[in-house]
4 protein chains.
Amino acid sequence: MHIGIIGLGKMGANMRDRLRAAGIDVTGYDRNPALTDVPSTAALVEALPSPRLVWVMVPAGAITTAVITELAGLLEEGDLVIDGGNSRFSDDFTHAALLAKTGVNYIDAGVSGGVWGLHNGFGLMVGGAADQVERAMPVFDALRPEGPREEGFVHAGEVGAGHYAKMVHNGIEYALMQSYAEGYELLEKRDDLIKDVPGIFKAWQRGTVVRSWLLELLVKALDEDPDLGAIEGFVEDSGEGRWTIEEAINNAVPVPTISAAIFARFVSRQDDSPAMKAVAALRNQFGGHAVKKAD
Amino acid sequence: MHIGIIGLGKMGANMRDRLRAAGIDVTGYDRNPALTDVPSTAALVEALPSPRLVWVMVPAGAITTAVITELAGLLEEGDLVIDGGNSRFSDDFTHAALLAKTGVNYIDAGVSGGVWGLHNGFGLMVGGAADQVERAMPVFDALRPEGPREEGFVHAGEVGAGHYAKMVHNGIEYALMQSYAEGYELLEKRDDLIKDVPGIFKAWQRGTVVRSWLLELLVKALDEDPDLGAIEGFVEDSGEGRWTIEEAINNAVPVPTISAAIFARFVSRQDDSPAMKAVAALRNQFGGHAVKKAD
Amino acid sequence: MHIGIIGLGKMGANMRDRLRAAGIDVTGYDRNPALTDVPSTAALVEALPSPRLVWVMVPAGAITTAVITELAGLLEEGDLVIDGGNSRFSDDFTHAALLAKTGVNYIDAGVSGGVWGLHNGFGLMVGGAADQVERAMPVFDALRPEGPREEGFVHAGEVGAGHYAKMVHNGIEYALMQSYAEGYELLEKRDDLIKDVPGIFKAWQRGTVVRSWLLELLVKALDEDPDLGAIEGFVEDSGEGRWTIEEAINNAVPVPTISAAIFARFVSRQDDSPAMKAVAALRNQFGGHAVKKAD
Amino acid sequence: MHIGIIGLGKMGANMRDRLRAAGIDVTGYDRNPALTDVPSTAALVEALPSPRLVWVMVPAGAITTAVITELAGLLEEGDLVIDGGNSRFSDDFTHAALLAKTGVNYIDAGVSGGVWGLHNGFGLMVGGAADQVERAMPVFDALRPEGPREEGFVHAGEVGAGHYAKMVHNGIEYALMQSYAEGYELLEKRDDLIKDVPGIFKAWQRGTVVRSWLLELLVKALDEDPDLGAIEGFVEDSGEGRWTIEEAINNAVPVPTISAAIFARFVSRQDDSPAMKAVAALRNQFGGHAVKKAD
């Protein structure tokens, strides 16, 4: 088997390594000459045996659309494009339709595992036609973690279902992180009573209901920095959490923990909160409560 | 009618003025010699005609309990104590029982209106026996706003009901303030499109669904400081919001907006959020996402 | 002044009445022959003096777009279309651009006040070019409530700003309603202590911090049905609450109370909650907790 | 080593089995004659070698207090009581003080693991004096899961710290469960796109960021009942989630996901929501929106 990968960033490069380790030939293309195997997308396409299999692993949005648009002009009927990036599921419909014009097939693959995927394998959620998914199975089997296929891979539905499942995965992930974080803050606040916060998280790793991989990561983080003193409570968010809420709203699904998690991130990035200025101003108006003057 | 008031702070002093303006005799006691009419609680009790009526207007908690305990030793059967402070409703049961030992009656009165009460009148929610409430009605009528009695006064139930109603009032108040504040922040954030945020709030004062007294106060605040540039988004909270949530939890009543409002205040007072440090640490662990180093 | 109104539903008909009462000529068109003044949109356009002023008051989305598209083919340079419906602000950009092709002007007007607007006047938030807003001012003055113009009308910015302000207004409205509702539930739950829930709301109308028009409406509702026994806790939502959250997410603005309000509505419409089935299933798995079997 | 256990319900009986399997002598007492080894608490105390070690495993609250009060009258200086139930941490202070009067030592032990603990071991969080914790270590080592001690056991601080850590553990647990549940509902709602919801959860077990023990339990539940059709979305809550929020409020720690999780449980148990009746009534008042009549 011989696959092309477009995009050799942190994730793409790890995938190339993992695929090659599994005996699959990989030709990679990246704009960065230091990383790429071939000089151009066209060269990548030429290097692949027909019918071709191209894995796109570039930033979601305009860049992914540009790459797929370029591929639509280069690939031939029967070829297969897999978008393994963090694309919004609604983009999949557009991308699949674009490629379908020339008979090129499309699979969307949600990929989880972060920097740990190289060694642990990547959790995979894919959407597309069954025959195309079957055809790419050696690739999926090489990328996914060891163990039963169904514990690290799912064919979730037609085109879009893979990225949809990944989007929901990330929404859940946001809320899980926030859940542990709230518990951390409460334990840390009661330092009159609680004398070993890192030890508590460490002890939760076996036998408890809350044990998880995220918990293990928090234990690692607390091992390195027991009071997280070196880290600022400033948290970015990527599109998937936002899309999850938008989808929830569109489908009348209540998502109070997922939205709480993303709102907490928004607040974490504010120097001052306009909303809380308004509340302070109101309290001052009706109660004569003192306000803190901005510097 | 002749009433004693203990506590001549901002609220107590305004009440004294409003009662006197209504033709009620008031003797006030305050620890502050500059404010008090008499030198001691004992002197206040002596100055009042029997059966006595004493309005307690001091900080909730230990201070209120101390004042009521002192009164229990000074007052006689048939006297009436009204706690007009922001006591927790559960304290009312204790205070009423303490006074009942010597036949002293008790009413709890939740009072709303803040610094505006002197001129607008105070909204009153009282709890206690019907005959005692009736007896104190001239005082309530003098304190409450103009207009029909039932639009500014309620006898909500037995002892405790008045402060309970006031507690819920304040819980609602927190959530109302937060509601406007979120809208403010969203309008203010889109300054590419929205050119007159204060003008929008001003225009909501007539005809709209969201018109309210709090809205009018926000308009006043924005008149004085159109972008709230002089105010820091730092907001204290008093006990009543917290008690509302505790009561809601105890009674299995979901209060998502009231709790969101109080959590927003908690966050507003943090220099950095331990919870968000934990989230940042987690993201760094699994995704290799950069963290902001604390200074 | 002579204006055309397209859409004579509850809101449009009330507006026609209010405008006529102010001495403005109104020609109305509605698909319903029982309501309309003229047989067609074309007839409406013909009936108006040039430059024409047409107020569109039809359901947001496809219907509004259809009406504006039809108007684009009928109106002439210098005419003015005002969309007074609940359109999404982003639709305003499209509609304005469509009309601009033939030199037709456009204003978006957010309108609040519901069925009470006929008598109280409608709160108005408009977006568009200053000269066009000025030109339509007699109409706005007739529709808005009595009192100073700036307390019931705002020119919030360019095209889109009016509907944006109305969207935020509705988001706030959702959260305000939920705030009162949570307090209502808590008071109602403690019927061992609280003996007059409607009386409490009634008493909050004067002097308190929480007094508002919505509170007055809740008092009316409780007057008619003191325990709301005739009403099911089933609540629809319109687009504007959802758009508010979507905009908040897009602009990284935390809106915990507004989202809590909309999620509560979603839940209110569910026969059973898939999410809570999942939680029940989980508890059963780890704790052997009994689950309720579905019938 | 020989230990007494009071309370041989699901948890206590499993602990007895696990301790015996580790070679520790156990005498158990339960009110239920079918379960007990001895006829009374007094007989249990007599059966134990001095200094005695008694593990209390009965329902938190009045029952635990009654058992500890009885033990205080039976035990002698130097004995040790371990409360392994789900007591509120604040009860530990009272219980420890009560026992201390006669020189009896006290440890509070939070225990996680549910019905799986017999085979997997129980996660343990304990509070108390270091020498007492050391003395009971053989018991803790027998109960906790295999593997390094610190991954299934923590000495979290003085008396109260163990139950405090367990309380926070459960608060986190609530939020984690709710997080997965929200994702489940969103996936299940989009059955037009998502064709294998159970398969998605199954595939998240390896390689993904959201993998956890709770996820594995959800996979088991979905294996048994792929659409959870046999389970009603009705969820009880135990004290610990509520106490977590109360502690958070008392310490000004924002816990939006934990509170959202508990509020969702409250709602799940309501036939109809008084709050949403109020919202429906309000909408009806201002907008003339139809309400659903209660049957």
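Bear in mind the structure is a predicted one, so any value in this text is a computation, not a measurement.

About the thresholds
Residues numbered from 1 in each chain as written. Chains lettered and ligands numbered in written order. Predicted model: local features only at pLDDT ≥ 70, side-chain atom pairs only at ≥ 80, totals over all residues. Heavy atoms only, no water. Pairing = 2+ DSSP bridges. Helix = DSSP H or I, 4+ residues; strand = E, 2+ residues; numbered from the N terminus. Axes fitted to C-alpha atoms, helices over the stretch in contact; angles between N-to-C directions. Contact = heavy atoms within 4.5 Å. Domains from an automatic or database assignment. Buried area = accessible area lost by both parts, 1.4 Å probe. Salt bridge = Lys/Arg side-chain N within 4 Å of Asp/Glu carboxyl O. Nonpolar A, V, L, I, M, F, W, Y, C, P; charged D, E, K, R; others polar. Polar contact = N/O pair within 3.5 Å; in protein donor to acceptor, adjacent residues only side chain to side chain. Least-squares fit on C-alpha atoms with pLDDT ≥ 70 in both. Buried < 20%, exposed > 50% of the residue type's maximum accessible area, 1.4 Å probe, protein only. UniProt positions renumbered as here; feature names shortened; annotations may be inferred. Parallel < 35°, antiparallel > 145°, perpendicular 65-115°, else oblique. Left-handed = near helix turned anticlockwise from the far one by under 90°. Phe/Tyr/Trp six-rings, centres within 6.5 Å; stacked < 30°, edge-to-face > 60°.

Q: What is the right way to read the sheet that holds strand β2 (residues 25–29) of chain D from this model?
A: All names here are of chain D. With respect to topology, 7 strands assemble into an open sheet ordered β2-β1-β3-β4-β5-β6-β7, the strand pairing being mixed. Edge positions in the sheet fall to β2 and β7 (153–157), since each has one partner strand and no second. Adjacent strand axes in the sheet meet at a mean angle of 25° when their direction is disregarded. Direction of pairing for strand β1 (residues 2–6) relative to β2: parallel, over a ladder of 5 bridges. Bridged to H2 within β2 is D25. Relative to the sheet, helix α3 (residues 62–74) contacts β1, β3 (53–56), β4 (80–83) and β5 (105–112), its axis offset from that of β3 by approximately 165°.

Q: Please explain the domain arrangement of chain A as it appears in this structure.
A: As a measure of interface size, the accessible area lost when the parts come together is often cited. Residues and elements named next belong to chain A. Along its sequence, chain A is organised into domain 1 (2–158) and domain 2 (166–287). Using C-alpha coordinates to define each centre, domain 1 is positioned 32 Å away from domain 2. Each side of the interface is counted separately: domain 1 has 10 residues, and domain 2 has 10 residues. A combined buried area of about 900 Å² lies between domain 1 and domain 2, and 64% of that area is made up of carbon and sulfur atoms. Its largest share of buried area at the contact with domain 2, domain 1 owes to N86, R88 and W116, together 55% of the area lost on that side. Remark: the boundary between domain 1 and domain 2 carries 1 salt bridge. The partner of E246 in a salt bridge is R88, with the nearest N and O atoms 3.2 Å apart. Element by element, the count of residues in the side of domain 1 that touches domain 2 is highest for strand β5 (residues 105–112), at 3 residues. Residues belonging to the side of domain 1 that touches domain 2 are distributed by class as follows: 4 nonpolar, 5 polar and 1 charged.

Q: Looking at this structure, I do not really get the interface of chain A and chain D. What am I missing?
A: The interface of chain A with chain D comprises 75 residues on the first partner and 75 residues on the second. Across the chain A/chain D interface, buried area totals approximately 6,100 Å², and carbon plus sulfur atoms make up 68% of it. Together, L186, R206 and V209 of chain A form the three largest contributors to the area buried by chain A at its contact with chain D, with a combined 12%. Linking chain A to chain D there are 4 salt bridges. Residues E151 of chain A and R206 of chain D are paired through a salt bridge, measuring 2.7 Å at the closest nitrogen-oxygen approach. Joining chain A to chain D, the criterion identifies 22 residue pairs in polar contact (both at pLDDT 80 or more). Listing elements by their share of the side of chain A that touches chain D, those giving two or more residues are α4 (89–100), β6 (123–127), β7 (153–157), α8 (161–189), α9 (197–203), α10 (213–224), α11 (239–250) and α12 (256–268) of chain A. Its residues assigned to classes, the side of chain A that touches chain D shows 38 nonpolar, 22 polar and 15 charged.

Q: I tried to follow the relation of the copies chain B and chain D on my own but got confused; where do I start?
A: Look at the two chain copies: a rotation about an axis and a shift along it is all it takes to match them. With an axial shift of 0.0 Å and an RMSD of 0.0 Å, the rotation relating chain B to chain D amounts to 180°. What the superposition gives is, in effect, a two-fold axis relating one chain to the other. Measuring from the rotation axis to each C-alpha of chain B, the shortest distance belongs to E246 of chain B, at 3.1 Å.

Q: Where do I start with unusual backbone geometry in this structure?
A: Leaving glycine out, the prevailing phi sign among residues is negative, and the prevailing peptide bond configuration is trans. Residues and elements named next belong to chain A. Of the consecutive residues S50 and P51, the connecting peptide bond is found in the cis state with omega at -5°. Even without being glycine, L228 reaches a positive phi, approximately 55°. Looking at the secondary structure, you find L228 in the loop between α10 and α11. Here L228 falls in the buried class, since its relative accessible area comes to 0%.

Q: Honestly, the side chain of T257 of chain D in this entry has me stumped. Any pointers?
A: Along the chain, T257 of chain D falls in helix α12 (residues 256–268). Look at T257 of chain D and you get buried, because its relative accessible area is 0%. Beyond its immediate stretch of four places on either side in the chain, T257 of chain D contacts Q178, S179, E182, T257, A260 and A261 of chain A together with A175 of chain D.

Q: Honestly, the UniProt feature "domain: 6-phosphogluconate dehydrogenase C-terminal" (unreviewed entry) in chain A in this entry has me stumped. Any pointers?
A: Taken from the UniProt record, the annotation "domain: 6-phosphogluconate dehydrogenase C-terminal" (unreviewed entry) applies to residues 162–290 of chain A. Within residues 162–290 of chain A, the helical portion is 67% and the strand portion 0%, while the C-alpha atoms at the span's ends are 53 Å from each other.

Q: Got a minute to help me understand the packing of α8 of chain A against helix α8 (residues 161–189) of chain D in this structure?
A: The axes of two packed helices give the description: the angle between them and the distance between them. Two numbers describe how α8 of chain A lies on α8 of chain D: the axes approach to 9 Å, and their chain directions differ by 165°. Relative to α8 of chain D, the element α8 of chain A is oriented roughly antiparallel. Crossing geometry of α8 of chain A relative to α8 of chain D is assigned as right-handed. Contacts between α8 of chain A and α8 of chain D involve Y164, A165, V168, I172, A175, L176, S179, Y180, G183, L186 and L187 of chain A from the former and Y164, A165, V168, I172, A175, L176, S179, Y180, G183, L186 and L187 of chain D from the latter.

Q: Got a minute to help me understand the interface of chain B and chain D in this structure?
A: Taken together, the contacts link 20 residues of chain B with 20 residues of chain D. Of the roughly 1,600 Å² buried at the junction of chain B and chain D (both faces included), carbon and sulfur atoms supply 75%. The tally of links between chain B and chain D comes to 0 salt bridges. Run the count over chain B and chain D and you get 2 residue pairs in polar contact (both at pLDDT 80 or more). If you list the elements that add at least two residues to the side of chain B that touches chain D, you get α11 (239–250) and α12 (256–268) of chain B. Among the residues making up the side of chain B that touches chain D, the classes are represented as 14 nonpolar, 3 polar and 3 charged.

Q: Explain the side chain of E240 of chain D here, please?
A: Residues and elements named next belong to chain D. Position of E240 relative to the elements: it lies in helix α11 (residues 239–250). A distance of 2.8 Å separates a polar atom in the side chain of E240 from a polar atom in the side chain of N170. Not counting chain neighbours up to four residues away, the residues in contact with E240 comprise N86, K166, M167 and N170.

Q: What am I meant to see in the packing of aromatic side chains here?
A: Each aromatic ring pair is specified by the distance between its two centres and by the angle formed by the two planes. All names here are of chain C. What the rule picks out here adds up to 32 aromatic pairs over all chains. Aromatic side chains Y184 and F201 sit 6.1 Å apart centroid to centroid with 50° between the ring planes, which places their arrangement in the tilted category. On the criterion of sequence distance, the pair formed by Y184 in helix α8 (residues 161–189) and F201 in helix α9 (residues 197–203) is long-range, its members being 17 residues apart. Judged by relative accessible area, Y184 falls into the buried class, the value being 2%.

Q: Explain the environment of L44 of chain D here, please?
A: Residues and elements named next belong to chain D. By the element assignment, L44 lies in helix α2 (residues 41–47). Taking relative accessible area as the criterion, L44 reaches 0% and is therefore assigned buried. The spacing of L44 and I3 is 41 residues in sequence and 9.6 Å in space, taken between C-alpha atoms.

Q: Mind showing me how you'd approach the pattern of salt bridges here?
A: Should the charged atoms of two oppositely charged side chains come close, the side chains can pair. Residues and elements named next belong to chain C. On inspection of all chains with the given rule, the structure shows 63 salt bridges over all chains. As a salt-bridge pair, D192 and R190 come within 2.9 Å of each other at their nearest N and O atoms. Using a relative accessible area of 49% as the deciding quantity, one classes D192 as partly exposed. Taking the shortest distance from any N to any O, the salt bridge between R242 and D237 comes out at 2.6 Å. D237 matches R242 in its accessibility class, with the two residues each being buried.

Q: Whenever I open this one, the sheet that holds strand β5 (residues 105–112) of chain C confuses me. Can you help?
A: One key point about sheets: their strands pair by backbone hydrogen bonds, in either a parallel or an antiparallel sense. All names here are of chain C. Read from one edge to the other, the open sheet built from 7 strands follows the order β2-β1-β3-β4-β5-β6-β7, with strand pairing classed as mixed. Two strands bound the open sheet, and with one partner strand each, they are β2 (25–29) and β7 (153–157). Across the sheet, the axes of successive neighbouring strands diverge by a mean angle of 25°, strand direction being ignored. When strand β3 (residues 53–56) meets strand β4 (residues 80–83), the two strands line up parallel, connected through 4 bridges. Bridge pairing in β4 places W55 opposite I82.

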